[in-house]
Amino acid sequence: MKTIKSFFIFCSLSVLLISCGKDDTTSTTATISTAAIISTATSGNWRITYYYDTDHEETTNYSGYVFTFSANNVVTAVKNGQTVSGTWGTRIDDSKTKLDLNFTTPTVFVELSDDWHVIERTDTKVKLQDVSGGNGGTDYLTFEKN
C-alpha cells in the first residue's frame with residue numbers, strides 16, 4: 001500500500017513539475033509590423049521561390065520573373081521584357097500583418113491576388129500564407145530577394 005501511495009505522489013509531482021516548466025515554443029506568427037514589411041519589400045528585387053495553391057505546387061508559373069515593390073504601392077513583375085503590374089499594400093487584420101496583392105491579368109498572376117498573412121520576414125525572405133474562406137484550402141507564397 002505504501003508503494004502505491006508513493007507511486008501516486010511521484011506521478012503527481014512529475015506532472016506538476018512538467019506543467020510548470022518553461023514553455024520553449026516560439027510563435028512564428030508574432031506580429032510583424034507593417035513598417036517592417038514595407039521597408040523590406042521596397043528594398044530590392046524579389047523572386048517567387050515557392051507557391052503552393054491549396055493542393056499542388058505552382059512555383060514554376062513564376063520562374064524567371066523579377067518582382068519590384070514600389071513605395072507608391074505598385075508591384076511589377078518582369079520577365080524577358082514582359083511586364084505585369086499590380087498593386088500591393090500592408091495592413092493589420094485580426095492582429096495579423098497582411099500583405100495585400102492585386103493583379104487583374106494574366107490569369108496566373110490573378111491567382112496571387114489575395115490578402116496574405118505574413119508568417120515570417122527577414123531582410124531576404126518573406127513567407128506568406130492564406131487560408132481560403134470558401135473551400136478552407138491553404139496557400140503558401142514565398143518571396144526571396146534576388
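This one's a predicted model, so the numbers in the text were calculated from it and none came from an experiment.

Novice: Whenever I open this one, unusual backbone geometry confuses me. Can you help?
Specialist: The phi angle of most residues is negative, glycine excepted, and most peptide bonds adopt the trans form. Residue T105 is joined to P106 through a cis peptide bond whose omega torsion reads -20°. Although it is not a glycine, D94 sits at a positive phi angle of roughly 50°. When you line up the elements, D94 lands in the loop between β5 (82–93) and β6 (96–103).

Novice: So what exactly am I meant to see when it comes to the nonpolar core here?
Specialist: Nonpolar side chains in soluble globular proteins generally cluster together in the buried interior. Of all hydrophobic cores here, the largest spans 25 residues; its most connected members are F67, F69, F109, L141 and F143. Setting aside residues no more than four positions away along its own chain, F67 makes contact with G44, N45, W46, R47, I48, V75, T76, A77, F103, F109 and F143.

Novice: Explain the pattern of salt bridges here, please?
Specialist: Pairing between side chains becomes possible if they bear opposite charge and their charged atoms approach one another. Considering all chains together, one arrives at seven salt bridges under this definition. Its salt-bridge partner being R91, residue D115 comes within 3.3 Å of it at the nearest N-O pair. Taken together, the residues D115 in strand β7 (residues 114–121) and R91 in strand β5 connect sequence positions 24 residues apart. Residues D123 and R121 are paired through a salt bridge, measuring 3.2 Å at the closest nitrogen-oxygen approach.

Novice: I tried to follow the packing of aromatic side chains on my own but got confused; where do I start?
Specialist: The geometry of an aromatic ring pair is captured by two quantities: the separation of the ring centres and the angle between the planes. Tallying each qualifying case throughout the model produces 11 aromatic pairs. Ring geometry for F67 against F109: centres 6.0 Å apart, planes inclined by 40°, an arrangement best described as tilted. One end of the pair, F67, is in strand β3 (residues 66–69); the other, F109, is in helix α3 (residues 107–110), and 42 residues separate them in sequence. On the accessibility criterion, F67 (0% relative accessible area) is buried. Under the relative-accessibility criterion, F109 is labelled buried at 0%. Pairing F69 with F143 gives two aromatic rings, centres 5.4 Å apart and planes at 85°, and the pair type is edge-to-face. Of the two residues, F69 sits in strand β3 while F143 sits in strand β9 (residues 138–145), which places them 74 residues apart along the sequence. The exposure class assigned to F143 is buried, which follows from its relative accessible area of 3%.

Novice: What exactly am I supposed to notice about the environment of F143 here?
Specialist: Along the sequence, F143 and R47 sit 96 residues apart, while their C-alpha atoms lie 5.5 Å from each other. If near-sequence neighbours (up to four positions away) are discounted, F143 is found in contact with W46, R47, I48, F67, F69, L101, T124, K125, V126 and L128.

Novice: Even after reading the chapter, I still don't get the environment of F69, so can you show me in this structure?
Specialist: When its relative accessible area of 4% is taken as the criterion, F69 is described as buried. In sequence terms F69 and A41 are 28 residues apart; their C-alpha atoms lie 5.8 Å from each other.

Novice: How should the pairing of β3 be read in this particular structure?
Specialist: Residues in a regular strand project their side chains so that they alternate between the two faces of the sheet. Here β3 shows one buried face, formed by F67 and F69, and one open face, formed by V66 and T68. Of the pairings in the sheet, the one linking strand β1 (residues 45–53) to β3 comprises two bridges and is antiparallel in character. If you follow N45 over to β3, its bridge partner there is T68. As paired strands, β3 and strand β4 (residues 74–79) are joined by four bridges and run antiparallel to one another. Bridge pairing links F67 to A77 in β4. The turn linking β3 back onto β4 is made up of four residues, and N73 within it adopts a positive phi angle of 65°.

The rules behind these values
- Residues numbered from 1 in each chain as written.
- Predicted model: local features only at pLDDT ≥ 70, side-chain atom pairs only at ≥ 80, totals over all residues.
- Heavy atoms only, no water.
- Helix = DSSP H or I, 4+ residues; strand = E, 2+ residues; numbered from the N terminus.
- Core = buried A, V, L, I, M, F, W, Y, C linked by side-chain atoms within 4.5 Å.
- Buried < 20%, exposed > 50% of the residue type's maximum accessible area, 1.4 Å probe, protein only.
- Contact = heavy atoms within 4.5 Å.
- Salt bridge = Lys/Arg side-chain N within 4 Å of Asp/Glu carboxyl O.
- Phe/Tyr/Trp six-rings, centres within 6.5 Å; stacked < 30°, edge-to-face > 60°.
- Pairing = 2+ DSSP bridges.

All we've got here are geometric facts, nothing functional implied.
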